[in-house]
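# Results of the structural survey
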Amino acid sequence: MLAVEFLNAHHGDCVVLTWAGDRHAILVDGGPSKVYDQALRPRLAALPRSASVEIVCVTHVDDDHVAGVIRLLNELNRSRRDGEAPLVRIERLWFNSVDDVAEAVAPGVSSAPWLATERGQPSGTVGASYRQGREVHRLRSALQLTGNAPFDRVVRQGDSVQLPGDVHVDVIAPDQPALTALAKKWRAAEQAKNPAVIAAAIEDRSAPNLSSICLLVTYGERTVLLTGDARGDHVLSGLASGGFLGDGPLLADVLKLPHHGSAKNVSPEFFRRIHASHYVISTDGRKHPHPDPRTLTWLVESRSPTDYYTIHFTNPVAAVTGHLEELRKGRSFETNLLQGRTVVIKLGAPAE
Ligand SMILES: [Zn+2]
């Protein structure tokens, strides 16, 4: 059995997949900082001592995805320094910071944005993202984890890894054209030799989202699509390039909606091409107006009224509750509105 758990990550994402009696796990994102003590650390502490976290994946360096992972890496680093047993054993750490991406396509470019950051610009959440990306780098080296093993470069569409216990992971996004476009933009900013132009390039929110990692996890016949904050059109093109989209829609068991259900990341087409038994929206709707009611409309209208599927929320969002009730009229889908508890979806027979 593969268990897919969406921890209460408030406005962020934190997903734990376990199989083979919890002996193997994948962690995708760690939510904002407080999620570590509230949910992530207790979940990891409950794994058997012999368990290995096969992949820790930071989809991108936004605080609501990376901060909990930084807490985990800091704890592991302290344990290492103090000669104590680690909370968990990590086999691979996957993440693409924007400077990694720029460095891979245009060596030398990444230092310029760092200089701008160190001068105090940009500030706020964007500057914080870059500092957090650098922190992951530092901790990854301290823990002697090879960068993005087994690829040893940015993780990108077409990469895949086979894990023990019949679990396979395919990387759906980002793709090479998106990475190249991003690096070109940074090169142009660097060549302008103007701190304001460099800062503007960093401030562009499309940069971290373009480098957001999307994973398709396959367990036997079961599939789980974890989209981070990636753009839906990039997810679709990545699925098409990987041969996962045929004439009909992709039938996934679990689809985590991109970017907490924002309407900017999806379209009616996105939901027409990907159907799921379980749709999951990870948000509490407090910090940002997520999910967008239009996202829910597009999702539901992509399915036949008699289709049976479930839309799970890690937290109820009052702003869309009435809209959901309207959409449910004459349709067979279910909603699972949790009050800050973990959404648990179990795939496969219990004995597997
Ligand atoms: Zn996010």
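Scroll up a little and you will see the structure.
Right, let's walk through the structure included here.

Each value, and the rule that gives it
- Residues numbered from 1 in each chain as written.
- Predicted model: local features only at pLDDT ≥ 70, side-chain atom pairs only at ≥ 80, totals over all residues.
- Heavy atoms only, no water.
- Helix = DSSP H or I, 4+ residues; strand = E, 2+ residues; numbered from the N terminus.
- Buried < 20%, exposed > 50% of the residue type's maximum accessible area, 1.4 Å probe, protein only.
- Contact = heavy atoms within 4.5 Å.
- Areas by Shrake-Rupley, 256 points an atom, 1.4 Å probe, with all protein chains shown as cover.
- Phe/Tyr/Trp six-rings, centres within 6.5 Å; stacked < 30°, edge-to-face > 60°.
- Pairing = 2+ DSSP bridges.
- Axes fitted to C-alpha atoms, helices over the stretch in contact; angles between N-to-C directions.

### A word on the overall build of the chain
A count of helices and strands for the chain gives twelve helices and 15 strands. Looking at the 352 residues of the chain, the share that counts as buried comes to 57%. Of the contacts formed within the chain by residues at least 6 apart in sequence, a portion of 72% connects residues at least 24 apart. Summing over all exposed atoms, the chain offers an accessible surface of approximately 14200 Å²; the carbon and sulfur share of this is 50%.

### Focus: the packing of aromatic side chains
Under the criterion given, the structure shown has four aromatic pairs. Ring geometry for Trp 94 and Phe 151: centres 5.4 Å apart, planes at 50°, overall tilted. Within this pair, whereas Trp 94 is found in strand β6 (residues 93-95), its partner Phe 151 is found in the loop between α5 (124-142) and β7 (160-163), the two being separated by 57 residues in sequence. We classify Trp 94 as buried; its relative accessible area is 0%. Look at Phe 151 and you get buried, because its relative accessible area is 16%. Note on Tyr 309 and Phe 333: the rings are 5.3 Å apart at their centroids and 15° apart in plane angle, and the pair reads as stacked. Of this pair, Tyr 309 sits in the loop between α11 (293-301) and β13 (310-313) while Phe 333 sits in the loop between α12 (318-328) and β14 (334-337); the two residues are 24 residues apart in sequence, bridging distant segments of the chain. Among the aromatic side chains, those forming a connected cluster through ring pairs are Tyr 279, Tyr 309 and Phe 333.

### Describing the sheet that holds strand β9 (residues 214-219)
Spatially, eight strands are ordered β7-β8-β9-β10-β11-β12-β13-β14 in an open sheet, and the strand pairing comes out mixed. The sheet is open, and its two borders are formed by β7 and β14, each paired with just one other strand. For this sheet the average axis-to-axis angle between neighbouring strands, irrespective of direction, equals 20°. As judged from the four bridges shared by strand β12 (residues 274-281) and β13, these two strands associate in the parallel manner. Across the sheet, the residue bridging to Tyr 279 is Ile 311, located in β13. Those strands touched by helix α9 (residues 232-241) are β8 (167-173), β9, β10 (222-226), β11 (250-256) and β12, and its axis lies near 125° from that of β8.

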